[in-house]
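# Observations on chain architecture
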Amino acid sequence: MRAFIGQFLRFGTVGALNTGIDYIVFIVLTWGGMLPLPAQIISYLCGAANSYLLNRGWTFRGSSGQSPQSRQLISFIIVNLITLACTSAVLEGLLHETSWSLPACKLIATLAGLAINYTGSRFWVFGSRQGKERDAS
């Protein structure tokens, strides 16, 4: 349990940094006149690139030894495309169905993707069979 909590806190720290990158890039792009959906895609991909590097090297480093890096990268891309689709749908829905500000909608959409991204990262992208067995005990 202690390992899980430490890993989740590292994931949260990396996630906060990724969110900052994503959010700042999004705001700069939309203030510059880009439409929200293309800005969402670009900003999310900037945060995702940072996420892969830091989560692979720090958050999940002890549990990723069983996965070849190419398979891990493909899995990471798939998880993040799913998360991007979900967060984009939430963002668009909030923008069209509420009177909330663009930054507030972006923040809520980002938070909505946390569970998908963590679950996919922990158990599929960076997880290993040994790590899963150890965490189950």
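Residues numbered from 1 in each chain as written. Predicted model: local features only at pLDDT ≥ 70, side-chain atom pairs only at ≥ 80, totals over all residues. Heavy atoms only, no water.

### Concerning the side chain of Asn-80
When you line up the elements, Asn-80 lands in helix H3 (residues 69-97). Of the residues examined, Asn-80 reaches a relative accessible area of 7% and is grouped as buried. Among all residues touching Asn-80, those that are not within four sequence positions of it are Tyr-44, Ala-48 and Asn-117. (Helix = DSSP H or I, 4+ residues; strand = E, 2+ residues; numbered from the N terminus. Buried < 20%, exposed > 50% of the residue type's maximum accessible area, 1.4 Å probe, protein only. Contact = heavy atoms within 4.5 Å.)

### Quick notes on the UniProt feature "transmembrane region" (unreviewed entry) in the protein
Here the UniProt feature "transmembrane region" (unreviewed entry) sits at residues 12-31, 37-54, 74-95 and 107-125. Across residues 74-95, the secondary structure splits into 100% helix and 0% strand, with the terminal C-alpha atoms separated by 31 Å. (UniProt positions renumbered as here; feature names shortened; annotations may be inferred.)

### Section: the environment of Asp-22
You can see Asp-22 is positioned in helix H1 (residues 2-31). In sequence terms Asp-22 and Ala-48 are 26 residues apart; their C-alpha atoms lie 8.3 Å from each other. In contact with Asp-22, not counting residues within four places along its chain, are Ser-43, Tyr-44, Lys-106 and Thr-110.

### Digging into the pattern of salt bridges
A complete count under the given rule lists 1 salt bridge for this structure. The salt bridge involving Lys-106 is made with Asp-22; its shortest N-O contact spans 2.7 Å. One end of the pair, Lys-106, is in helix H4 (residues 102-112); the other, Asp-22, is in helix H1, with 84 residues separating them in the sequence. Lys-106 sits in the buried class, given a relative accessible area of 0%. (Salt bridge = Lys/Arg side-chain N within 4 Å of Asp/Glu carboxyl O.)

### Quick notes on the nonpolar core
Considering soluble globular proteins, one finds that nonpolar side chains tend to be buried as a cluster. Counting residues in hydrophobic clusters, the biggest one holds 11 residues: Phe-11, Tyr-44, Ala-48, Tyr-52, Phe-60, Phe-76, Val-79, Leu-84, Tyr-118, Val-125 and Phe-126. Looking at this core, the elements that each hand over two or more residues are helix H2 (36-59), H3 and helix H5 (114-125). Filtering out sequence-adjacent residues up to four positions away, Phe-60 remains in contact with Gln-7, Phe-11, Asn-55, Tyr-118, Ser-121, Arg-122 and Phe-126. Among the nonpolar cores identified, the runner-up in size contains 7 residues, and Ala-39, Leu-91, Leu-94 and Cys-105 belong to it. (Core = buried A, V, L, I, M, F, W, Y, C linked by side-chain atoms within 4.5 Å.)

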